[in-house]
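Chain by chain, the residues run as shown.
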There are 2 protein chains.
Amino acid sequence: MRFTSETSSDGVSEQLFTLGEIPGVLWTRQGATGTRPLILMGHGGGQHKKAPGILARARRFVAECDFAVVAVDVPGHGDRPKDEEYHRIATENQARVEAGAELAPLIAAFQALVARQTVPEWQAVLDAVQQLEHVGAGPVGYWGVSLGCGLGVPFVAAEPRVRAAVLGLGGALASADAATRITVPVEFLLQWDDERVPRDQGLALFDALASAEKTLHANPGRHGEIPAFELDSSLRFFVRHLT
Amino acid sequence: MRFTSETSSDGVSEQLFTLGEIPGVLWTRQGATGTRPLILMGHGGGQHKKAPGILARARRFVAECDFAVVAVDVPGHGDRPKDEEYHRIATENQARVEAGAELAPLIAAFQALVARQTVPEWQAVLDAVQQLEHVGAGPVGYWGVSLGCGLGVPFVAAEPRVRAAVLGLGGALASADAATRITVPVEFLLQWDDERVPRDQGLALFDALASAEKTLHANPGRHGEIPAFELDSSLRFFVRHLT
């Protein structure tokens, strides 16, 4: 793990790093020492580790809860090179949708493929970050919607360090099987008028989660229109389960 | 409006009253003076105005938010005399269910009938309570699940003073039509394994609400098993919309 820059603003420190080929960012309270809860955040499709939605949430998790937050670029996103295979598949999918194919199953298959790479990558990120003195091996949470849900469900299912997860904007086609292996508390965000994930697919993914405590928050609006008050709720959810 | 008793504990004052034939209870902060937000609470079937679920919520709304809270007995419940017509219908329904009839449509028809009486009753209660010096004509919220939803949906649809409502454990059969006339913010509670309200009926009622801001909170468990953290959420919802 190699740190490449460190800046801070409003009491939040931001450290860019690379872990092997993976570019990442770690946020902690400025001057933080000792073990604290850690949130791993998975960004959406076409976004990156410092996309506005990630950044805004990460800063609040740090500033209001004193958590550490880590996010890395998904293959083919952000500061990572174009992945030829993924790029080819995405281009083919685009052509199929234009020819009338259904979008959801194509997204699902693609996310399942990428998850085979990101699950071990994110586990390596946890290993590395938890060795830092100002993060340590405390409780871990996961936050990710859309692509961050498609990749997050198999990750949370595979990684016993994760004790609570906010997921959403994803459907059962992609990850119902992995969802049946998730038993930690989940807050699941669903957009009632999601143009990318059919409503019944989102409900079916929530249904598939094996967690004894899981809570579905559904709000009107399209895929990208999660209301601001849900961030307050995510924050309280993590405080409840990680502290 | 005639007050029949006043007690207080832990800083919460409880005043029993009758308004015509309607027995009710008003909770306010002890020593409260002046106008404040008011929550009208509708109890569940077979319950009454001081059922444990009502009492626990009312006390928190008062103690933590300084709201006034009012609840009255639904006809045939609590301190009200048995209503012969309702009792006859309930008995007939019971017999039909035992003979194999579906429960949900019977409940729906019954609640629609009772609502024709409770909507004007509750409006009269608001009129009376808002004239009290320690309540006044401030913003009004409604909280009610199960029977409190079946009666609450037509009430909220009819009563322009209500600015926000927590509803749930109800289905579209009972009140989808009235729901299309509700435009205020709603937090809607659904129990994923509700044995009384079929899941698709609950989702359809949420769907029918015309509110631009509505949020569905679904949790695993049976009809009576709303998790405790939802009360925290109801509280924040009312604070957001009534203060």
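It should be emphasised that the depicted structure is a prediction, and the values quoted were computed from it without experimental measurement.

**Student:** Is there a simple way to think about the overall build of chain A in this case?
**Tutor:** Helices and strands together make up the secondary structure of chain A, namely 8 helices and 9 strands. Radius of gyration (C-alpha) of chain A: 17 Å, near the 18 Å computed for a compact globule of 243 residues. Along the longest, intermediate and shortest principal axes, the C-alpha atoms of chain A span 55 × 40 × 30 Å. Out of the 243 residues belonging to chain A, those deemed buried represent 57%. Looking at chain A alone, contacts between residues at least 24 apart form 68% of all its contacts between residues at least 6 apart. Element-wise, carbon and sulfur atoms account for 51% of the exposed surface of chain A, whose accessible area totals about 9800 Å².

**Student:** Is there a simple way to explain empty space enclosed by the protein in this structure?
**Tutor:** To find leftover empty space, one rolls a probe the size of a water molecule over the atoms. A full pass over the atoms with the stated rule returns 3 cavities of 30 Å³ or more. Size it by volume and the largest cavity reaches roughly 160 Å³. Every residue lining the largest cavity is counted, 17 residues in all, and those nearest its centre are His 217, Ser 233 and Arg 236 of chain A together with His 217 and Ser 233 of chain B. Elements supplying a minimum of two residues to the lining of the largest cavity: β9 (214–219) and α8 (229–242) of chain A together with α8 (229–242) of chain B.

**Student:** What is the right way to read the interface of chain B and chain A from this model?
**Tutor:** Every contact between the two is made by 18 residues of chain B and, on the other side, 18 residues of chain A. Interface area, chain B with chain A, both sides summed: about 1600 Å², of which 59% is carbon and sulfur. Here Arg 199 of chain A makes a salt bridge to Asp 207 of chain B, at a shortest N to O gap of 3.5 Å. Here chain B and chain A share 9 residue pairs in polar contact (both at pLDDT 80 or more) between them.

**Student:** I'm lost on the pattern of salt bridges in this one. Help?
**Tutor:** Opposite charge on two side chains permits pairing when their charged atoms draw close. All names here are of chain A. Tallied over the entire structure, the rule returns 32 salt bridges over all chains. Between Glu 159 and Arg 161 there is a salt bridge; the shortest N-O distance is 2.9 Å. Judged by relative accessible area, which is 5%, Glu 159 ranks as buried. Owing to a relative accessible area of 26%, Arg 161 belongs among the partly exposed residues under this scheme. Asp 177 is paired through a salt bridge with Arg 181; the nearest N and O atoms lie 3.4 Å apart. Take Arg 181: its relative accessible area is 48%, and that puts it in the partly exposed class.

**Student:** Where do I start with the packing of aromatic side chains in this structure?
**Tutor:** How two aromatic rings sit relative to each other is set out by the distance from centre to centre and by the angle between their planes. As enumerated under the stated definition, the model contains 18 aromatic pairs over all chains in all. For the ring pair Phe 61 of chain B and Phe 238 of chain B, a centre distance of 5.6 Å and an interplane angle of 90 degrees mean the geometry is edge-to-face. Here the residue Phe 61 of chain B occupies a position in helix α1 (residues 52–65), and Phe 238 of chain B occupies one in helix α8, the gap between them amounting to 177 residues. An aromatic cluster of at least three residues, connected via ring pairs, comprises Phe 61, Phe 237 and Phe 238 of chain A. For Arg 240 of chain B, the ring lying beneath its charged end belongs to Phe 229 of chain A, and the centroid distance is 4.1 Å.

**Student:** Hey, could you run me through the side chain of His 223 of chain A in this one?
**Tutor:** Inspection of the secondary structure puts His 223 of chain A in the loop between β9 and α8. Among residues more than four places away in sequence, those in contact with His 223 of chain A are Ser 146, Leu 169, Gln 191, Asp 194, Glu 195, Arg 196 and Val 197 of chain A.

**Student:** Hey, could you run me through the nonpolar core in this one?
**Tutor:** Buried together is how nonpolar side chains tend to be arranged in soluble globular proteins. Residues Phe 188 of chain A together with Phe 188 of chain B are the most contacted members of the largest nonpolar core, which totals 100 residues. For this core, the leading source of residues is helix α3 (residues 103–129) of chain B, giving 9 residues. In this view, Phe 188 of chain B contacts Cys 149, Leu 167, Gly 168, Gly 170, Gly 202, Leu 205, Phe 206, Leu 209, Thr 215, Leu 216 and His 217 of chain B; residues no more than four positions away in its chain are not counted.

**Student:** It is not clear to me how the packing of helix α6 (residues 172–179) of chain B against helix α7 (residues 199–208) of chain B should be interpreted in this structure. Could you clarify?
**Tutor:** Residues and elements named next belong to chain B. At their nearest, the axes of α6 and α7 sit 9 Å apart, and the two run at 5 degrees to each other. Comparing the axis directions of α6 and α7 gives the class roughly parallel. Contact residues: Ala 172, Leu 173, Ser 175, Ala 176 and Ala 179 in α6; Gln 201, Ala 204, Leu 205 and Ala 208 in α7. Here the contact of α6 with α7 is built from residues that sort into 7 nonpolar, 2 polar and no charged.

**Student:** Just checking my understanding: could you explain the UniProt feature "domain: AB hydrolase-1" (unreviewed entry) in chain A for this structure?
**Tutor:** Mapped onto this structure's residue numbering, the UniProt feature "domain: AB hydrolase-1" (unreviewed entry) falls at residues 37–209 of chain A. With 49% helix and 17% strand, residues 37–209 of chain A has end C-alpha atoms that lie 23 Å from one another.

**Student:** What should I look at first to understand the relation of the copies chain B and chain A in this one?
**Tutor:** Relating one copy of the chain to the other takes a rotation about an axis and a shift parallel to that axis. Screw-axis analysis of chain B against chain A gives a translation of 0.0 Å along the axis, an RMSD of 0.0 Å, and a rotation angle of 180 degrees. As the rotation angle and translation indicate, the two copies are arranged about a two-fold axis. Identified as the residue of chain B closest to the rotation axis by C-alpha distance is His 217 of chain B, at 2.4 Å. Most of the interface of chain B is mirrored in chain A, where 100% of its interface residues are also at the interface.

**Student:** Can you help me understand the packing of helix α2 (residues 84–98) of chain B against α3 of chain B in this one?
**Tutor:** Each packed pair of helices is defined by two parameters, the angle between the axes and the distance between the axes. Residues and elements named next belong to chain B. Here α2 crosses α3 at 175 degrees, and the two axes come no closer than 10 Å. Between α2 and α3, the angle is such that the two are roughly antiparallel. Where α2 approaches α3, its residues Glu 85, Tyr 86, Ile 89, Ala 90, Asn 93, Arg 96 and Val 97 are matched on the opposing element by Leu 103, Leu 106, Phe 110, Leu 113, Val 114 and Gln 117. Looking at the contact of α2 with α3 residue by residue, the class counts come to 9 nonpolar, 2 polar and 2 charged.

**Student:** I tried to follow the environment of Ala 63 of chain B on my own but got confused; where do I start?
**Tutor:** By secondary structure assignment, the location of Ala 63 of chain B is in helix α1. Put simply, Ala 63 of chain B and Val 184 of chain B are 121 residues apart on the chain and 25 Å apart in space, counted from C-alpha to C-alpha.

**Student:** Whenever I open this one, unusual backbone geometry confuses me. Can you help?
**Tutor:** Generally, phi is negative for residues other than glycine and the peptide bonds are trans, each holding for most cases. Residues and elements named next belong to chain B. Although it is not a glycine, Asp 10 sits at a positive phi angle of roughly 50 degrees. Looking at where Asp 10 falls in the secondary structure, it is placed in the loop between β1 (2–9) and β2 (12–19). The exposure class assigned to Asp 10 is exposed, which follows from its relative accessible area of 75%. Residues other than glycine seldom take positive phi values, yet Ser 146 does so here, at roughly 60 degrees. Residue placement: Ser 146 occurs in the loop between β6 (140–145) and α4 (147–150).

**Student:** What is the right way to look at the environment of Val 156 of chain B in this model?
**Tutor:** Of note, Val 156 of chain B is situated in helix α5 (residues 152–158). Val 156 of chain B gets classed as buried once you look at its relative accessible area, which sits at 6%.

Rules behind the numbers
Residues numbered from 1 in each chain as written. Chains lettered and ligands numbered in written order. Predicted model: local features only at pLDDT ≥ 70, side-chain atom pairs only at ≥ 80, totals over all residues. Heavy atoms only, no water. Helix = DSSP H or I, 4+ residues; strand = E, 2+ residues; numbered from the N terminus. Rg over C-alpha atoms; globule rule 2.2 N^0.38 Å. Buried < 20%, exposed > 50% of the residue type's maximum accessible area, 1.4 Å probe, protein only. Contact = heavy atoms within 4.5 Å. Areas by Shrake-Rupley, 256 points an atom, 1.4 Å probe, with all protein chains shown as cover. 1 Å grid on protein atoms, 1.4 Å probe; cavity = no way out; pocket = protein on both sides within 12 Å on 5 of 7 lines; lining within 4 Å. Points joined across faces, edges and corners; volume = space filled by probe spheres on them. Buried area = accessible area lost by both parts, 1.4 Å probe. Salt bridge = Lys/Arg side-chain N within 4 Å of Asp/Glu carboxyl O. Polar contact = N/O pair within 3.5 Å; in protein donor to acceptor, adjacent residues only side chain to side chain. Phe/Tyr/Trp six-rings, centres within 6.5 Å; stacked < 30°, edge-to-face > 60°. Lys NZ or Arg CZ within 6 Å of the ring centre and 35° of its normal. Core = buried A, V, L, I, M, F, W, Y, C linked by side-chain atoms within 4.5 Å. Axes fitted to C-alpha atoms, helices over the stretch in contact; angles between N-to-C directions. Parallel < 35°, antiparallel > 145°, perpendicular 65-115°, else oblique. Nonpolar A, V, L, I, M, F, W, Y, C, P; charged D, E, K, R; others polar. UniProt positions renumbered as here; feature names shortened; annotations may be inferred. Least-squares fit on C-alpha atoms with pLDDT ≥ 70 in both.

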